[in-house]
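Reading the structure
Residues per chain are reported as follows:
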Amino acid sequence: MCADVNTIYINGKWSAAQGAATIPVNEPSTGEVFAHISRGGKPEIDAAVKAARAAFEGVWGSTAAVDRGRLLSRLGLKIAEHAEELAQIEARDTGKALKLARSDIAATARYFEYYGGAADKLHGDTIPFLEGYQVMIVREPRGVAGHIIPWNYPAQMFGRTIAAALAAGNTAVLKPAEEACLSILRLTELAHETGIPAGVLNVVTGYGEEAGAALSSHDDIDFLSFTGSPEVGTLIQKAAADNHVPCVLELGGKSPQIVFEDADVEKALPVIVSAIIQNTGQTCSAGSRVLVQRSIYEEFIAALAKRINAVQAGPHGADLDCGPVISAVQRDRVQGFLDRAQADGIQVVAQGKLDSRAPAGGYYVRPTLLGPVDIAHELAQDEVFGPVLVAIPFDDENDAVRIANGTDFGLIAGVWSENGARQIRMAKKLRVGQVYINGYGAGGGIELPFGGFKRSGHGREKGFEALKEYTVAKTIVINHK
Ligand code: ADP
């Protein structure tokens, strides 16, 4: 990996921040500092945007779609060749179990494969118009895209947002999260080695309020893609609005898993468990509410409790079900929810175990199932971003829809029922961006458009929809009379 503090990549070159300012990086499994990154700010963001602008107007703008696609596909292959190295970096930096880090890196490679293949398939259209006219709709890249991403899936987020932007012909300035971005630095090195031209991809490490704010308020970017908390999403959107910069915002959720009395319970149980413990619950699409039809509530929750009790949390290298959460701040935040729930008399139904290999300084939280929880309680409304699952009973389909849609979020949902007509009715009524029937896809599905309603954000990432977001339609009208 690049030298300790030279973590800023602008116009094809690595450098330190002005004054060599740095940020310490903690290892979540132990709580110890194990690396430093550069603390970039406005000067570095300005330089990165300038480089991206020049590359957009120069080398990238004149690269044919097929050649852009080839470069991205080659990068995908390179990522796959370095998969184990990248997974080790990702696991240590984020605390996630190695097996999850490995699947994250496989997904990262796949993003480049997918969008590399898609680059030359983004067709325009023609429209019948008045006699004597020919009308063409061409899809053009937006220009310089700013990307601000979180720490929960650094490598995957890099793939999701950078591969799509570059495939569509944009150039990029990326501000990764200060808590975890080491895999991104290595991925950027691989992009460089692959021959992605200077200025096409620029990475500025730094704090959100400094480098992030400088990027979101920059007046020479054309588009912003943000994934993170709703609070910061609001700040970003306001900053971008001052310059009329459009945004895609992906801001989290309180996603329900809805279990009807006719569900295949044995199929549902392991999926419902993994949807909340995956990445230690730090997934925007985590299935953090389980809604169970009252007629099977007690029996179902007892079976779920057995499985949650068996979940093990420990250091990333132990490769268990759950790792630590990302930081002491996050651990205290999650613990705060649990403490307040206890004070409010909410019953803890089950708790996973902490492995004896977990170092005392690591940021561990035991996976927890609570219930029944009143739908107005903060645990049923707010995103915890930890391995905390709340159970809520419901009476019938209408009640399930009312509760499922009854939060400020609307990201994804799972419906468990063997009744086909009910599956369709539910899918239509849920105000979310993705509905899974008898399954759940937290974090997965490169091909599947993904995004939210309400405070979960707007715009779509993944799949071909992302390419539409990263382009604009231009109408060309030719009078050939
Ligand atoms: P999380 O809950 O995942 O930590 P945040 O929304 O705090 O989510 O952070 C997501 C990304 O937004 C990170 O890269 C972070 O540095 C950045 N960020 C945080 N605050 C700001 C801000 N005021 N302006 C721009 N970016 C920010």
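For the structure itself, consult the block above.
These notes cover the structure that comes with them.

Each value, and the rule that gives it
Residues numbered from 1 in each chain as written. Predicted model: local features only at pLDDT ≥ 70, side-chain atom pairs only at ≥ 80, totals over all residues. Heavy atoms only, no water. Helix = DSSP H or I, 4+ residues; strand = E, 2+ residues; numbered from the N terminus. Rg over C-alpha atoms; globule rule 2.2 N^0.38 Å. Buried < 20%, exposed > 50% of the residue type's maximum accessible area, 1.4 Å probe, protein only. Areas by Shrake-Rupley, 256 points an atom, 1.4 Å probe, with all protein chains shown as cover. Lys, Arg positive; Asp, Glu negative; His and termini not counted. Charge placed at Lys NZ, Arg CZ, Asp CG, Glu CD. Pairing = 2+ DSSP bridges. Axes fitted to C-alpha atoms, helices over the stretch in contact; angles between N-to-C directions. 1 Å grid on protein atoms, 1.4 Å probe; cavity = no way out; pocket = protein on both sides within 12 Å on 5 of 7 lines; lining within 4 Å. Points joined across faces, edges and corners; volume = space filled by probe spheres on them. Nonpolar A, V, L, I, M, F, W, Y, C, P; charged D, E, K, R; others polar. Domains from an automatic or database assignment. Near = heavy atom within 4 Å. Polar contact = N/O pair within 3.5 Å; in protein donor to acceptor, adjacent residues only side chain to side chain. Parallel < 35°, antiparallel > 145°, perpendicular 65-115°, else oblique. Contact = heavy atoms within 4.5 Å. Phe/Tyr/Trp six-rings, centres within 6.5 Å; stacked < 30°, edge-to-face > 60°.

To continue, consider the overall build of the chain. Counting its secondary structure elements, the chain contains 15 helices and 22 strands. A globule of 481 residues ought to have a C-alpha radius of gyration of about 23 Å, and the chain, at 23 Å, matches this closely. Referenced to the eigenvectors of the C-alpha coordinate spread, the extents of the chain come out at roughly 70 × 60 × 40 Å. Relative to its 481 residues, the chain shows a buried fraction of 58%. Carbon and sulfur atoms make up 52% of the accessible area of the chain, which amounts to about 18300 Å² in all. Computing the positive centroid from 46 side-chain charges and the negative centroid from 56, the chain places the two 3 Å apart.

A separate point is the sheet that holds strand β22 (residues 471–479). Strand pairing in a sheet takes place through backbone hydrogen bonds and is either antiparallel or parallel in direction. Read from one edge to the other, the open sheet built from 3 strands follows the order β5-β6-β22, with strand pairing classed as antiparallel. Looking at which strands have only one partner, the edges of the open sheet turn out to be β5 (125–127) and β22. Direction aside, neighbouring strands of the sheet carry axes that sit 25° apart on average. Pairing between β5 and strand β6 (residues 133–141): 3 bridges, direction antiparallel. For Asp-125, the partnering residue across the bridge sits in β6 and is Ile-137.

Empty space within the largest pocket amounts to approximately 1100 Å³. Along the wall of the largest pocket there are 41 residues; nearest its centre are Trp-151, Phe-226, Gly-228, Ser-229 and Val-232. The biggest single contributor to the lining of the largest pocket is helix α8 (residues 230–242), with 6 residues. In the lining of the largest pocket, the residues fall into 19 nonpolar, 11 polar and 11 charged. Two domains each donate at least three residues to the lining of the largest pocket, and these are domain 1 (8–251) and domain 2 (256–445).

This model, assessed by the stated rule, comprises 4 cavities of 30 Å³ or more. In this structure, the second largest cavity occupies an estimated 80 Å³ of space. The wall of the second largest cavity is formed by 15 residues, among which Ala-286, Ser-288, Glu-383, Val-384 and Phe-385 lie closest to the centre. A class-by-class count of the residues in the lining of the second largest cavity yields 6 nonpolar, 6 polar and 3 charged.

As a further point, take the site of the ligand. Near the ligand, the surroundings consist of 18 residues, among which Ile-149, Trp-151, Lys-175, Glu-178 and Ser-229 are the closest. Here an oxygen atom of the ligand sits 2.7 Å away from a polar atom, N or O, in the side chain of Lys-175. Taking Ser-229, its side chain carries an N or O atom lying 2.7 Å from an oxygen atom of the ligand. For the ligand, whose free accessible area comes to 560 Å², the fraction covered by protein is 83%. Elements that contribute at least two residues to the shell around the ligand include exactly α7 (208–216), β10 (223–227) and α8. Of the residues belonging to the shell around the ligand, the class tally is 11 nonpolar, 5 polar and 2 charged.

The next thing to look at is the packing of helix α4 (residues 98–118) against helix α5 (residues 154–167). Close contact between α4 and α5 brings their axes to 8 Å; oriented N to C, the two are set at 5°. For the element pair α4 / α5, the angle class is roughly parallel. Touching Asp-104, Ile-105, Ala-107, Thr-108, Tyr-111, Phe-112 and Tyr-115 of α4 are Ala-155, Gln-156, Phe-158, Gly-159, Arg-160, Ile-162, Ala-163, Ala-164 and Ala-167, all from α5. Class assignment of the residues belonging to the contact of α4 with α5 gives a composition of 11 nonpolar, 3 polar and 2 charged.

This brings us to the packing of aromatic side chains. One pass over the full model with this rule turns up 8 aromatic pairs. Ring centres 5.6 Å apart and planes at 80° place the aromatic pair Trp-151 and Phe-385 in the edge-to-face group. Taken together, the residues Trp-151 in the loop between β7 (144–148) and α5 and Phe-385 in the loop between α12 (378–381) and β18 (388–394) connect sequence positions 234 residues apart. Trp-151 sits in the buried class, given a relative accessible area of 12%. A relative accessible area of 17% means that Phe-385 is categorised as buried. Ring plane angle 75° and centroid distance 5.1 Å describe the contact between Phe-260 and Phe-394, whose orientation is recorded as edge-to-face. With Phe-260 in the loop between β12 (256–259) and α9 (265–277) and Phe-394 in strand β18, the pair connects residues that are 134 residues apart, well separated along the chain. With relative accessibility at 0%, the residue Phe-260 sits in the buried group.

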